[in-house]
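Okay, here's what each chain looks like letter by letter:
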Amino acid sequence: MNNSDRTDRRPFRNRSLSASSLLVALLLLMTLAPAAPASVYDGSSIVLDNATSSYQLGMHMDYIEDPSRKLSLNEITSAPYRERFSLHRKNAPSFGFTESAFWYRTEIVNPYPTAQTLILEETIPYIDSIRLYTPDRSKPGGYAVRHAGDKLPFKDREILHHNFLFKITVGANQRLPVFIRIESRAAVMTPFTIWQEAAFDQHARNINILYGLFFGILISIAIYSLFLLLNMRETIYLYFILFIGCVALVVSTSHGLSYMYLWPESPRIAEMMQVVGISLFQIIGILFARSFLHTRETLPHINRLFNILLLVHTLIIGTALVSDDFILIAKISILCLYLYSFLLLLSGILALRSGNRAARFYLLAWTSSIIGALITALTLFNILPYHFVLLNAGYLFGFLLDVIFLSLALSDKILVLRQERDQAQQSAHETLQSSKERLEVEVAERTKDLVSARKEAELANQAKTQFLSNMSHELRSPLIGILGFSELLLTDEEHPLTPEQQENTQVIHDSGNHLKELIDDVLNIAIIESGSFAIDLQSISLREALAEAITLVQASASKQKIEIIDRTTDESEMFWVAADRLRLRQVIINLLSNAIKYSNSPGRVTVALEQTESGVRLCVRDRGPGISKENLATIFEPFTRHTDNAGIEGVGIGLTITRKLIKLMNGWITVDSVLGEGSTFSIELPASLNQTGAATAAKPHPAASPRSMALAARNAKQHRILYIEDNLSSQVFLEHVFKRRKDVTLHFSSTGLEGIASAREHTPDIVLTDIRLPDITGFDVLRELKEHKKTAHIPVIAISANATPDDLEKGRDIGFVNYLTKPVEINILMDTVNRLLLQEG
Ligand code: ADP
């Protein structure tokens, strides 16, 4: 007996457990008592045989239990104890949780003439202490002792390997007695194997390949899951990656690998990690399961139990970090492991039953790891045949399948979600498609309706325009007589009227004029509303347009003793706006006329131009009676006149037209009025960007007096004018007009064709033509005349009751020298005629 033996007899203070022991204990706690040793001892030796590469020590040894843990080698080899050894006859000696120490005894017989080198291997890494006694060659009869066990720092191991290894050399033809003392407070399981050295090397290589495969697959799945985590940002992938980490930790700890590679200096950490690792493993497993099955919503009872387990494991980890005694917490951890495994299986089954398809792989995963652990446990407890594939692979592959199936479960879950999403999308798409088709049909129907409605509207519009044109023609024709003849009577110098006749005729003439204005206004408003009112926007100087309008109303202003004052401050500015020249003039005249009309006489009307943010504003202010608030709301309505204007001429349509015209020119009109103080009407028009189109204001035709007409007539040679007209009163009117011109002979034709023939025959100096002739139109007449060499040079003037803007535009475009509307103003007609005759002359 040597000293080291004696010193090693002190009791162990710290005991340890491993992850695999915990799993194995799952089975054992309830069922296994320490294995009953066989009562007959029939030899405990291993006879080496070159054909056998390894021997399970359990089958070739006898043992003795030392509950006091105090027996020495000397004592157990002494007679009383020697007799008490009993044969074990199981592959892996296992005695469950026990405080006892155990002595194993065998004899290795080398029948060969050469020495044999053997390796003694113990694969459970948590055994506290292993002592190997072999004869000490230097001390005959004495034994040398070697130590292993997890209390020993890794670096102090005889062979630096994750399992406990001893090298044993058996001399040629030698019988080598071997004693092994085991002590561990955790479940004692000691699967000792004696290897031929070469066979062990081969075995170690195989095991390394197995580890390589195992950890390689884990790392690949973890990287793949990390990629998914980064892409999908779902917490479950984080749990899964952590779970893989925990599997790696538990497996490497239970195989002694983490001690070897991660904390070789620290037996304490190695021991602690055996408890902490298994708790962490359960915590992450629970978090994963909760998240995977949404247990809070779908399985609330199981979720509650999961939460309790989480709490217990957190406490276990906390205690393990500060305590040195791991036995109690390890036992609690084992109990939790039962519950954990049970809950995982149960949750999987319930989820599957409730129709959660993804729970299939989930259930498979947990089943495989539990079956894997069972296989290892059953091997360790000699229920299954002892084989390293069963011992390791059951455990490793169980976990591997666990991870692989969980990974499939996750993919399946994504697949299920995607299928659900696709289905939802598909049905949404179908709904969308069908509503789109419905919509398309409706749109097609509506479009058809709209097209036909538009056609109808266009036809109605055309009919309306035609009607307006006809109305204009029909209303103007009788006016020709009234205005023309009254004017003739008033201006006849040869047969002047008596003062009373003069006065009465003037009333006829004024009433006719009033009627004409009324007709013009009504037609204007109707044309604007029909939408066929053409607006020709150009760059126009509002300053010039205003000046021109002031000139035109000046006479009536003076008559009423109204002074018109321009208060525009910026004198150099032209105030360019985009507007229609004629319509703008009409608008300004209208406002000025109203201001003059409603001013108190004598009085003053002020006008002012100013630049605004987006355009130009014109304000027309009078000091008239003003407009009450109630009346202000209606002044733009057609035919609105207020009783307080009694005695002032008007029909209540001017402002209606003004506002419509301003709107057509993209501007607006506002009015500001205080009763008793006066009114300010303001129009604002958009500024013109392009000022190059600025035209000079058209000057009004200078009024030609009958006297000047006569003068012109006296000095002139004889001219021919052909008037193509079917309306007798128009013919008579012009006959009277030209009767005063001795230099002009007027010829008549009452149809277009007749007129053309006459023009070809007599080549008049001027042709006047109506547009609505009984056979062809005035336009046709013009075209015919222009096409014929003899008549192409003759200027043609249209005189028509067709007075819509369209008619005027068409007339201008086609090539009439002038397009005069009925009732013709004698002055304008004469001016045109004089100008043409002068040019000719
Ligand atoms: P009319 O002047 O022919 O009656 P308008 O359409 O021009 O028609 O004007 C409509 C009504 O608005 C007028 O009848 C009058 O009551 C009121 N009004 C227009 N301008 C003025 C003004 N400068 N001062 C007071 N009242 C006005």
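Residues numbered from 1 in each chain as written. Predicted model: local features only at pLDDT ≥ 70, side-chain atom pairs only at ≥ 80, totals over all residues. Heavy atoms only, no water.

Draft legend 1. View of the overall build of the protein. Broken down by element type, the protein carries 24 helices and 25 strands. Counting across all 841 residues of the protein, residues that qualify as buried make up 49%. Expressed as a percentage of contacts within the protein between residues at least 6 apart in sequence, the contacts between residues at least 24 apart total 76%. Here the protein displays about 40,700 Å² of accessible surface, and carbon together with sulfur accounts for 58% of that area. (Helix = DSSP H or I, 4+ residues; strand = E, 2+ residues; numbered from the N terminus. Buried < 20%, exposed > 50% of the residue type's maximum accessible area, 1.4 Å probe, protein only. Contact = heavy atoms within 4.5 Å. Areas by Shrake-Rupley, 256 points an atom, 1.4 Å probe, with all protein chains shown as cover.)

Draft legend 2. Examining the sheet that holds strand β22 (residues 744–749) more closely. The strand order across the open sheet formed by five strands is β22-β21-β23-β24-β25, and the pairing between neighbours is parallel. Two strands in the sheet have a free side with no partner beyond their single neighbour: β22 and β25 (818–821). The sheet shows a mean angle of 20° between the axes of neighbouring strands, taken without regard to direction. In the sheet, strand β24 (residues 796–800) pairs with β25 via four bridges, with the strands oriented parallel. (Pairing = 2+ DSSP bridges. Axes fitted to C-alpha atoms, helices over the stretch in contact; angles between N-to-C directions.)

Draft legend 3. Examining the packing of helix α8 (residues 267–293) against helix α10 (residues 300–322) more closely. For the pair α8 and α10, the least separation of the axes is 9 Å and the interaxial angle reads 160°. With respect to their mutual orientation, α8 and α10 come out roughly antiparallel. Regarding α8 and α10, the two cross each other, and that crossing is left-handed. Residue-level contacts link R268, M272, V275, V276, S279, L280, Q282, I283, I286, L287, A289 and R290 of α8 to N303, F306, N307, L309, L310, H313, T314, I316, I317, A320, L321 and V322 of α10. (Parallel < 35°, antiparallel > 145°, perpendicular 65-115°, else oblique. Left-handed = near helix turned anticlockwise from the far one by under 90°.)

Draft legend 4. How the structure looks around the nonpolar core. With 73 residues, the main nonpolar core has F243, V247, F288, F292, Y340 and Y362 as its most contacted residues. When residues of this core are traced back to their parent elements, those giving at least two are α5 (197–232), α6 (235–254), α7 (257–261), α8, α10, α11 (327–353), α12 (359–380) and α13 (388–491). Counting residues per element, this core draws most heavily on α8, which supplies 15 residues. Other than its neighbours up to four places away in sequence, F292 contacts I236, A358, Y362, A409, L410 and K413. (Core = buried A, V, L, I, M, F, W, Y, C linked by side-chain atoms within 4.5 Å.)

Draft legend 5. Local environment of the packing of aromatic side chains. By the definition in use, this model includes 25 aromatic pairs. A centroid spacing of 6.0 Å and a plane angle of 65° characterise the contact between W195 and F200, whose relative ring orientation is edge-to-face. The class of W195 is buried, set by a relative accessible area of 11%. A relative accessible area of 5% places F200 in the buried class. Ring centres of F292 and Y362 lie 5.4 Å apart, and the angle between their planes is 5°; on these two criteria the pair is classed as stacked. On the criterion of sequence distance, the pair formed by F292 in helix α8 and Y362 in helix α12 is long-range, its members being 70 residues apart. Note on accessibility: F292 and Y362 belong to one class, buried. Within the aromatic cluster, the residues linked to one another by ring pairs are F240, F243, F281, F288, F292, Y340, Y362, W366 and F399. In this structure, R105 packs its charged tip against the face of F85, placed 4.2 Å from the ring centre. Across the ring face of F292, the terminal group of K413 is positioned such that the distance to the ring centre comes to 4.9 Å. (Phe/Tyr/Trp six-rings, centres within 6.5 Å; stacked < 30°, edge-to-face > 60°. Lys NZ or Arg CZ within 6 Å of the ring centre and 35° of its normal.)

Draft legend 6. Inspection of α5 at higher detail. Spanning 36 residues, α5 covers 52 Å between terminal C-alpha atoms, matching the ideal 52 Å at 1.5 Å per step. R233 lies just past α5 and shows a positive phi near 50°. (Expected span 1.5 Å × (residues − 1).)

Draft legend 7. Main features of the environment of I349. When you line up the elements, I349 lands in helix α11. Relative accessible area serves as the criterion here: at 40%, I349 is assigned to the partly exposed category. Taking the C-alpha atoms as reference points, I349 and A359, separated by 10 residues in sequence, lie 7.7 Å from one another.

Draft legend 8. Summary view of a negative patch on the surface. Together, D536, D806, E809 and D813 give the surface a local cluster of negative charge. Along the polypeptide, D536 turns up in the loop between α14 (499–530) and β14 (538–541). Since its relative accessible area comes to 44%, D536 is described here as partly exposed. (Patch = residues over 30% accessible without salt bridge, like charges linked within 9 Å, V, L, I, M, F, W, Y side chains within 5 Å. Salt bridge = Lys/Arg side-chain N within 4 Å of Asp/Glu carboxyl O. Lys, Arg positive; Asp, Glu negative; His and termini not counted. Charge placed at Lys NZ, Arg CZ, Asp CG, Glu CD.)

Draft legend 9. Inspection of the sheet that holds strand β7 (residues 116–122) at higher detail. The strand order across the open sheet formed by four strands is β2-β13-β7-β10, and the pairing between neighbours is antiparallel. Among the strands making up the open sheet, the edge pair consists of β2 (54–56) and β10 (164–170). Here the average twist between neighbouring strands, direction ignored, is 20°. In this structure, β2 lies alongside strand β13 (residues 192–196), joined through three bridges in antiparallel fashion. Bridge pairing links Q56 to T193 in β13.

Draft legend 10. Layout of unusual backbone geometry. Here the amide bond leading from S601 into P602 is cis, since omega sits at -10°, within 30 degrees of zero. Within the fold, P602 resides in the loop between α16 (581–597) and β17 (603–611). Notably, R233 is not glycine yet its phi reads approximately 50°, a positive angle. You will see that F575, though not glycine, has its phi angle at about 55°, which is positive. Along the chain, F575 falls in the loop between β15 (562–566) and β16 (576–579). The exposure class assigned to F575 is buried, which follows from its relative accessible area of 2%.

Draft legend 11. Spatial organisation of the confidence of the model for the protein. Averaged over every residue, the pLDDT of the protein is 83; the share at 70 or more is 90%. Taken together, the stretch residues 1–42 has pLDDT below 50 and engages in 112 contacts with residues farther than four places along the chain or on a different chain. Low confidence marks residues 692–716, where pLDDT is under 50. Its contacts with residues over four positions away, or in another chain, come to 31 contacts. (pLDDT = per-residue confidence, 0-100.)

Draft legend 12. Geometry of the environment of R783. Within the secondary structure layout, R783 lies in helix α22 (residues 778–787). When its relative accessible area of 41% is taken as the criterion, R783 is described as partly exposed. For the pair R783 and G815, spaced 32 residues apart in sequence, the C-alpha to C-alpha distance is 8.7 Å.

Draft legend 13. Region of interest: a positive patch on the surface. Positive charge collects at one region of the surface, where R567, R604, R621 and R623 lie side by side. Its place among the elements puts R623 in the loop between β18 (615–622) and α17 (629–632). With relative accessibility at 40%, the residue R623 sits in the partly exposed group.

Draft legend 14. Region of interest: the packing of α22 against helix α23 (residues 805–814). Where α22 meets α23, the closest approach of the two axes is 11 Å, and the angle between their N-to-C directions is 5°. Between α22 and α23, the interaxial angle falls into the category roughly parallel. Along its contact with α22, which presents F779, L782 and R783, the element α23 presents K810, G811 and I814. Looking at side-chain class alone, the contact of α22 with α23 contains three nonpolar, one polar and two charged residues. (Nonpolar A, V, L, I, M, F, W, Y, C, P; charged D, E, K, R; others polar.)

Draft legend 15. Layout of α11. Compared with the 39 Å implied by 1.5 Å per residue over 27 residues, the 39 Å span of α11 between its first and last C-alpha is a close match. Just past α11, the residue G355 takes up positive phi, approximately 95°.

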